[in-house]
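Chain by chain, the residues run as shown.
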Amino acid sequence: MQLGMIGLGRMGGNIVRRLMKAGHEAVVYDRSAEAVAGLAGEGAQASGGLEDLLSKLHAPRTAWVMLPAGGPTEEAVTRLGELLSSGDTIIDGGNSFYKDDIRRSAALRERGIHYLDVGTSGGVWGLERGYCMMIGGDRGAVDRLDPIFKALAPGIGEVERTPGRDGRDPRAEQGYIHAGPSGAGHFVKMIHNGIEYGMMQAFAEGFDILRGANGAELPAEQRLDLNLADVAEVWRRGSVVSSWLLDLTATALAADPKLDGFGGVVEDSGEGRWTINAAIEEAVPATVLSAALYARFRSRQEASFADKVLSAMRKGFGGHQEPKAR
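Since the structure is predicted, the reported quantities are computational estimates derived from the model, not experimental observations.

Engineer: Quick question: what am I supposed to make of the overall build of the protein here?
Structural biologist: Looking only at helices and strands, the protein has 15 helices and 8 strands in total. At 22 Å, the protein has a C-alpha radius of gyration in line with the 20 Å of a compact globule built from 326 residues. Counting only C-alpha atoms and orienting by the principal axes, one finds that the protein spans roughly 75 × 45 × 40 Å. Buried residues in the protein amount to 48% of all 326 residues. Nonlocal contacts in the protein, meaning residues at least 24 apart in sequence, comprise 68% of its contacts between residues at least 6 apart. Total accessible area on the protein stands at roughly 15,800 Å², and carbon and sulfur atoms take up 54% of it.

What follows is the structure, encoded as structure tokens:
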């Protein structure tokens with residue numbers, strides 16, 4: 001199939017690369033001419049702007065927006081809505097707020113333009129590992145673009161199949177789902193990221209406690225000088241808490257046991273706040289997720305070793321570079 005990609009950052013560029021490896025065609029645009037030229041050298045078709053990109057797509061056209069949530073995405077979707085025709089599709093693969101998706105979809109539907117919100121997880125490793133995708137929007141548009149999503153998804157791989165799934169949507173086992181109508185994809189991804197905050201915080205606090213076991217405030221006979229890199233490594237192998245986040249932590253500790261390369265200031269990208277707001281609207285208690293978000297706020301005032309662990313995980317899965325201090 002053919003796809004237009006707008007935004008060639010950490011994930012957009014690798015999405016294009018994975019699609020081309022699977023035999024699909026890509027027309028690309030980014031404000032960075034260097035980024036466009038780089039992908040053109042790998043086989044993508046370059047374009048100099050939205051109008052130029054759309055002119056190179058065959059009908060029905062599909063334009064994927066992979067830009068920061070908020071103003072940049074809103075501006076791109078609005079302009080694409082003015083340029084596209086009935087039957088064309090806009091995909092927002094960033095981390096937009098799901099209520100914005102519902103609003104945009106309703107406005108575009110009046111012109112016959114399909115809008116899909118695709119919550120995309122995989123970070124900088126997606127090119128190799130594939131992307132987990134949670135898709136919201138019209139089923140017809142989702143089904144038409146299935147070859148794109150299937151190429152990007154990780155596939156079953158070596159993950160054991162879940163018992164009792166016979167007769168259910170097989171796409172979930174491949175790593176992507178049609179979550180529901182417009183907004184559903186980004187809503188599911190939003191909660192995914194909120195849960196991610198909680199899991200990361202649990203690991204961070206646990207390793208901080210392990211590190212503190214050799215603290216001067218403890219009686220000498222109770223002090224334990226633990227090798228955190230080895231603890232992380234052994235937990236990776238057969239333990240109940242084994243996970244990709246633990247893999248990233250083990251890698252960071254092996255390279256920098258004291259995590260001196262991290263300042264401990266931990267940013268939040270918005271989805272954690274939106275998750276807590278959704279919990280408030282639904283009157284659902286979310287004590288762990290709330291505490292994890294507030295811990296990030298606190299890190300900007302006085303960072304701890306736990307905060308350095310969080311920073312190490314964020315750099316590992318998303319390439320995030322935290323500021324050293326505020």
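Engineer: Sorry, what's going on with the side chain of D30 here?
Structural biologist: Tracing the sequence through the fold places D30 in the loop between β2 (25-29) and α2 (33-40). It turns out D30 is buried and unbridged, and the closest side chain with the opposite charge, R31, is 7.4 Å from it. A polar contact of 2.7 Å, which involves the side chain of D30, links it to the backbone nitrogen of L8. What D30 contacts, discounting residues up to four positions off in sequence, is G7, L8, G9, A35 and V36.

Engineer: So what exactly am I meant to see when it comes to the side chain of S290 here?
Structural biologist: Secondary-structure assignment places S290 in helix α14 (residues 287-299). For S290, a relative accessible area of 16% translates into the label buried. In this structure the side chain of S290 is engaged in a polar contact, spanning 2.8 Å, whose partner is the backbone oxygen of A286.

Engineer: Would you explain the environment of A202 in this entry?
Structural biologist: Tracing the backbone through its elements, the reader meets A202 in helix α10 (residues 184-212). Residue classification places A202 among the exposed positions, given a relative accessible area of 51%. Sequence-wise, A202 and A292 are 90 residues apart; in three dimensions their C-alpha atoms are separated by 8.4 Å.

Engineer: What exactly am I supposed to notice about the packing of aromatic side chains here?
Structural biologist: Each aromatic ring pair is characterised by the separation of its centres together with the angle its planes make. Enumeration according to the criterion identifies 6 aromatic pairs in this entry. A ring pair is formed by F207 and W235, whose centres lie 5.5 Å apart and whose planes are at 55°; its orientation type is tilted. One end of the pair, F207, is in helix α10; the other, W235, is in helix α11 (residues 228-235), with 28 residues separating them in the sequence. The class for W235 is partly exposed, based on a relative accessible area of 30%.

Engineer: Could you clarify how one ought to interpret the pairing of β2 in this entry?
Structural biologist: Extensive coverage of β2 is indicated by the burial of 4 of its 5 residues. As defined by bridge partners, strand β1 (residues 2-6) adjoins β2 across 5 bridges and the pair is classed as parallel. When the sheet's bridge partners are listed, Q2 is paired in β2 with E25. Handedness of the crossover is the feature at issue here: the chain leaves β1, passes through helix α1 (residues 12-21), returns alongside β2, and the resulting connection is right-handed. Sheet topology note: the β2/strand β3 (residues 45-46) ladder contains 2 bridges and is parallel. Directly across from V28, in β3, lies its bridge partner A46.

Engineer: Explanation requested: the pattern of salt bridges in the structure shown.
Structural biologist: For side chains of opposite charge, pairing can occur when their charged atoms come near one another. Evaluation of the coordinates by the stated rule reveals 21 salt bridges. The salt bridge involving D100 is made with R103; its shortest N-O contact spans 3.2 Å. You can see D100 and its partner R103 sitting in helix α5 (residues 98-109), 3 residues apart, about one turn around the helix. Taking relative accessible area as the criterion, D100 reaches 25% and is therefore assigned partly exposed. Here R236 ties to D247 by a salt bridge, and the two come within 2.8 Å at their closest N and O atoms. Here D247 lies in helix α12 (residues 244-255) and R236 lies in the loop between α11 and α12, a separation of 11 residues in the sequence. The exposure class of R236 is partly exposed, given its relative accessible area of 30%. If you follow the salt bridges from partner to partner, you end up with E74, D92, D100, D101, R103 and R104 in one network.

Engineer: Even after reading the chapter, I still don't get the nonpolar core, so can you show me in this structure?
Structural biologist: Where a protein is soluble and globular, its nonpolar side chains tend to be buried together. Core analysis: the largest hydrophobic core is formed by 30 residues, its most contacted members being M5, V16, V28, W64, M133 and F149. Residue assignment for this core shows that the elements contributing at least two residues are β1, α1, β2, α2, β6 (114-121), β7 (132-136), α7 (139-144) and α8 (146-152). Setting aside residues no more than four positions away along its own chain, M5 makes contact with G12, I15, V16, V27, V28, Y29, L53, W64 and M66.

Each value, and the rule that gives it
Residues numbered from 1 in each chain as written. Predicted model: local features only at pLDDT ≥ 70, side-chain atom pairs only at ≥ 80, totals over all residues. Heavy atoms only, no water. Helix = DSSP H or I, 4+ residues; strand = E, 2+ residues; numbered from the N terminus. Rg over C-alpha atoms; globule rule 2.2 N^0.38 Å. Buried < 20%, exposed > 50% of the residue type's maximum accessible area, 1.4 Å probe, protein only. Contact = heavy atoms within 4.5 Å. Areas by Shrake-Rupley, 256 points an atom, 1.4 Å probe, with all protein chains shown as cover. Lys, Arg positive; Asp, Glu negative; His and termini not counted. Salt bridge = Lys/Arg side-chain N within 4 Å of Asp/Glu carboxyl O. Polar contact = N/O pair within 3.5 Å; in protein donor to acceptor, adjacent residues only side chain to side chain. Phe/Tyr/Trp six-rings, centres within 6.5 Å; stacked < 30°, edge-to-face > 60°. Pairing = 2+ DSSP bridges. Right-handed = clockwise from strand over helix to strand, strands pointing away. Core = buried A, V, L, I, M, F, W, Y, C linked by side-chain atoms within 4.5 Å.

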